[in-house]
Structures are given as structure tokens and as C-alpha cells.
Amino acid sequence: MNIDNELLHELRELKDSHLLRVLKRVDSAQSSRIIIEGKEYINLCSNDYLGLADHPSLKEAVIESVKKYGTGAGASRLVSGNMELHETLEGATAQFKGTEDALLFNSGYMANTGIIQALASEGDAIFSDELNHASIIDGCRLSKAKVFIYRHKDAGHLRSLIMQTTEKGNRAYRRRIAVTESVFSMDGDIVPLNDIVKVIEEFEGILIVDDAHATGVLGRSGRGSFEHFGVNNSSHIQMGTYGKALGSFGAYAAGTSLLKNYLINKARTFIYTTALPPSVMAASIAALRILQNDEELLEVLWVTTRLFRDGLSALGYNTMQSETPIIPIYVGDTEKALRFSQRLFDEGIYAAPIRPPTVPEGGCRIRTTVTAAHSLEDIERSIEVFKNVGRELGLI
Ligand SMILES: *Cc1c(COP(=O)(O)O)cnc(C)c1O
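Fair warning: this is a prediction, and the values are worked out from it, not measured in the lab.

*Asks:* Hey, could you run me through the overall build of the chain in this one?
*Replies:* Of the regular secondary structure elements, the chain holds 15 helices and 13 strands. In terms of overall size, the chain behaves like a compact globule, its C-alpha atoms giving a radius of gyration of 22 Å where 396 residues would be expected to give roughly 21 Å. Judged by the C-alpha coordinates and their principal axes, the chain covers about 60 × 55 × 55 Å. The burial tally for the chain puts 54% of its 396 residues in the buried class. Across the chain, contacts joining residues at least 24 apart in sequence account for 70% of those joining residues at least 6 apart. Carbon and sulfur atoms provide 49% of the accessible area of the chain, an area that totals close to 18,200 Å². Looking at charge distribution, the chain has the averaged site of its 42 positive side-chain charges lying 3 Å from that of its 50 negative ones.

Next comes the structure, spelled out in C-alpha cells:
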């Protein structure tokens, strides 16, 4: 077989098992409604929770930044790419998170791989929730540390695994690092953060919390999982992104100034990459400002969330353990999930099917998300379509 045939063969295998992934092109701004191939759809799969991705203030801030600073940062931050806006955004982020300092990464994927690879190496132990995001998994792999997987959100299991690594006769690990998402991206449930914090503090370990879906969503003022749970130990590491609720792009690690200096020196995804461009930082700064001045946005998001989730449950759908704007609808079978998504699409609803390896085998679901930008009419129309399509396919 030549290489083309091999690749074709693998793609065909994916197609036959209903696992082939293809791109759909959106021809409008990202919002509650989007245009695909000339037709308007209610968008139920964006992580733009606060509807900021098409916000006039963000767009204005971007235009101004381009006029003043141009389009590209030109180099890594450690060479000539460190600009005023990087430092302004880091300051604004630290203030927002209530931490000593913050460091920018070019994306959440790069933040997780970079932070974990920097802090953990051979001889260390990482404890990772079984449903953690691929970027966390890849960070663990890059680190060469020994990885222990604990049961989803199970602080007791985490504790017993850590205990095992401290028992006599077991080889001594230098560092113990626990890593978890706060809002799980495919399930929409929330980690019992206080329990996890207690365990990691008992063993004087390091805790990394991924707030990708909690930034701008959880907590009274959207500051994330630490605000939600009232955790204020700033020695823990809070990673989060600007690309979801904040409508921009990029990511941060918030924590101590010492951590920041350490990551600047050790995180390869920080060191060996061109710095974020000014326009992206300008959008993120504007988004943080909006979030801190507009208390209604978060309220609208949560009212919409409850409305949609209750509507789906009332129809008889299994929305799993969802407690957030991420509302999965459990289907199970891959082909069924694909057909469900396709029929919703025919009826003007864009909601993506989630298949392995993103979720476990047999755990296929339609992952829906609602945002503060969805109108009451969007939600009512969506529930109507879910009712009709669900009955047609025998799902409810
Ligand atoms: C989206 C996501 C990331 C990656 O963030 P990007 O900025 O999109 O690269 C990391 N962790 C979790 C849990 C996510 O959902």
C-alpha cells in the first residue's frame, strides 16, 4: 500500500463506523443565529456563553488596537513580542481572578500542555480526572510523569490514589499534581472543588484547575470556579480561556508571581511561539471590562440555561448531570446521534453530535449550549424542534 491508500483506508474505516469528522462552514458572525450555506440556524453549539464574539465594544477595541499597534506581535514574548497590551491584559486578568499575577498563553490547549509539562517531569505523579479534556491528557503525556486517573469528580478516589503513592515500599514521587476541569466540557457538570482542594492541601500537592468553561460563567461575577466555591488559596493554579465566554481568543494561567516567572522560563508552549497579536488582547480586555460592568449578562445566561434544560427534561430527554449552560442530551449510539443531529439541522437547529474519542464508547450525545444572546423565541423554537424530532426518532 502506498501512503495515500493507507490514509484513504483509515478515513474509510472512520466513515464506516460513523466517526468521520467534517467541517461545516459558517458564513456569518458567531452568534445565537448563524448562516450556513445561505440558511439561518439557531446555534446551539457555540461556547460564546455571553454573546460577546460579535459585540460592538469588542470590535471597536480591536479596530483601535490595530490602528495603534498593527496586526502581528512579530516574535515570541521573550524576544521582541512583549507588548503593552500583553501586560495590560495580564494585569486585568490577575485583578479579575484575585491572584497575584497571570501569564498569557496563545490558547487553552497550549496553556494546559505548557503548564503541565513545565511543572511535572519524570519522577512526579499527576492525578487526572477520567473525563479531563484532551489538552490536559496531552500535557500529561508530554510531561513523562506517572499519570494516575481517578474516577470522575471523585475526591475520595483521588485521595486513595495519592495515599498509594505515599505508602512505604512505593517509590517516592517528587511532586504530586492534581488536575481537573471545573465545568466539564462535554457533560456540563461541576467539580466538587472544595473536596478536591482539601485532598490536595492535605498532601501539600499542586492543584491545576481548568476554568475554560467556567470563566465568565461560574461565580457571582463570572470569575470562575474559585469564586463559585469560595476557594481563596492563591497557591493553586487557575487556567482559563478568553475564547469561550469572553468572545475572544487565548488563555491564561493565574496564580502567584513566582509561578508566572517559573512558567516564563519553563513552559515550552509559552517560550517557543509567536506572541498573541494586539487585536486579540484588545478584545479580551474589552470583554473583561464588559463582564465587570454588566451584571445582567450573567443573569440572562443562567435564566436561559434553566429554561432550556427544564424544557428538555420535561420532554423526557436525559440531560445527564448538567448544571451549566452546557446541556448534553444523552443518546448512546453513534449512528443514532448522527441522525438526530442531522434531523435537527434539517429543521434549522445546529447542535453537534459528540462521538468517541471525545466521549467514551457508547456515550454519544448531542451537546447543546445556550448563551446570553439566545432570545426567548430561540429557546421556545428549539424546544419545539426537539419535541418533534425526538418523537419522530423514538428518542422520547
Ligand atoms: C476549549 C477547552 C480548552 C482549550 O482551549 P482553547 O483556547 O480553545 O485552545 C481547554 N480545556 C477545556 C476544558 C476546554 O473545553
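*Asks:* In this structure, what is going on with unusual backbone geometry? I would like to understand it.
*Replies:* With glycine set apart, most residues show a phi of negative sign, and most peptide bonds adopt trans. A cis amide bond, omega 5°, links P356 with the succeeding residue P357. Mapping P357 onto the fold places it in the loop between strand 12 (353-354) and strand 13 (364-369). With a phi angle near 60°, H18 is a residue other than glycine that sits in the positive phi range. By the element assignment, H18 lies in the loop between helix 1 (3-16) and strand 1 (33-36). The exposure class of H18 is partly exposed, given its relative accessible area of 27%. Despite not being glycine, E37 shows a phi value in the positive range, around 45°. Relative to the assigned elements, E37 resides in the loop between strand 1 and strand 2 (39-43). On the accessibility criterion, E37 (75% relative accessible area) is exposed.

*Asks:* How should I be thinking about the pattern of salt bridges in this particular structure?
*Replies:* A side chain of one charge can pair with a side chain of the opposite charge if their charged atoms are brought near each other. Considering all chains together, one arrives at 20 salt bridges under this definition. In this structure, the salt-bridge partner of R33 is D378, at a minimum N-O distance of 2.5 Å. One end of the pair, R33, is in strand 1; the other, D378, is in helix 15 (residues 376-392), with 345 residues separating them in the sequence. Note that R151 is salt-bridged to D154, the shortest N-O span being 3.3 Å. Residue classification places R151 among the partly exposed residues on the basis of a relative accessible area of 47%.

*Asks:* Please explain the pairing of strand 5 (residues 146-150) as it appears in this structure.
*Replies:* Every regular strand shows the same layout, with side chains that alternate between the two sheet faces. Looking at chain direction, strand 4 (residues 125-129) and strand 5 are connected through five bridges and run parallel. Bridge pairing in strand 5 places A125 opposite K146. Crossover handedness for the path strand 4 to helix 6 (residues 134-143) to strand 5: right-handed.

Definitions and cut-offs
- Residues numbered from 1 in each chain as written.
- Predicted model: local features only at pLDDT ≥ 70, side-chain atom pairs only at ≥ 80, totals over all residues.
- Heavy atoms only, no water.
- Helix = DSSP H or I, 4+ residues; strand = E, 2+ residues; numbered from the N terminus.
- Rg over C-alpha atoms; globule rule 2.2 N^0.38 Å.
- Buried < 20%, exposed > 50% of the residue type's maximum accessible area, 1.4 Å probe, protein only.
- Contact = heavy atoms within 4.5 Å.
- Areas by Shrake-Rupley, 256 points an atom, 1.4 Å probe, with all protein chains shown as cover.
- Lys, Arg positive; Asp, Glu negative; His and termini not counted.
- Charge placed at Lys NZ, Arg CZ, Asp CG, Glu CD.
- Salt bridge = Lys/Arg side-chain N within 4 Å of Asp/Glu carboxyl O.
- Pairing = 2+ DSSP bridges.
- Right-handed = clockwise from strand over helix to strand, strands pointing away.

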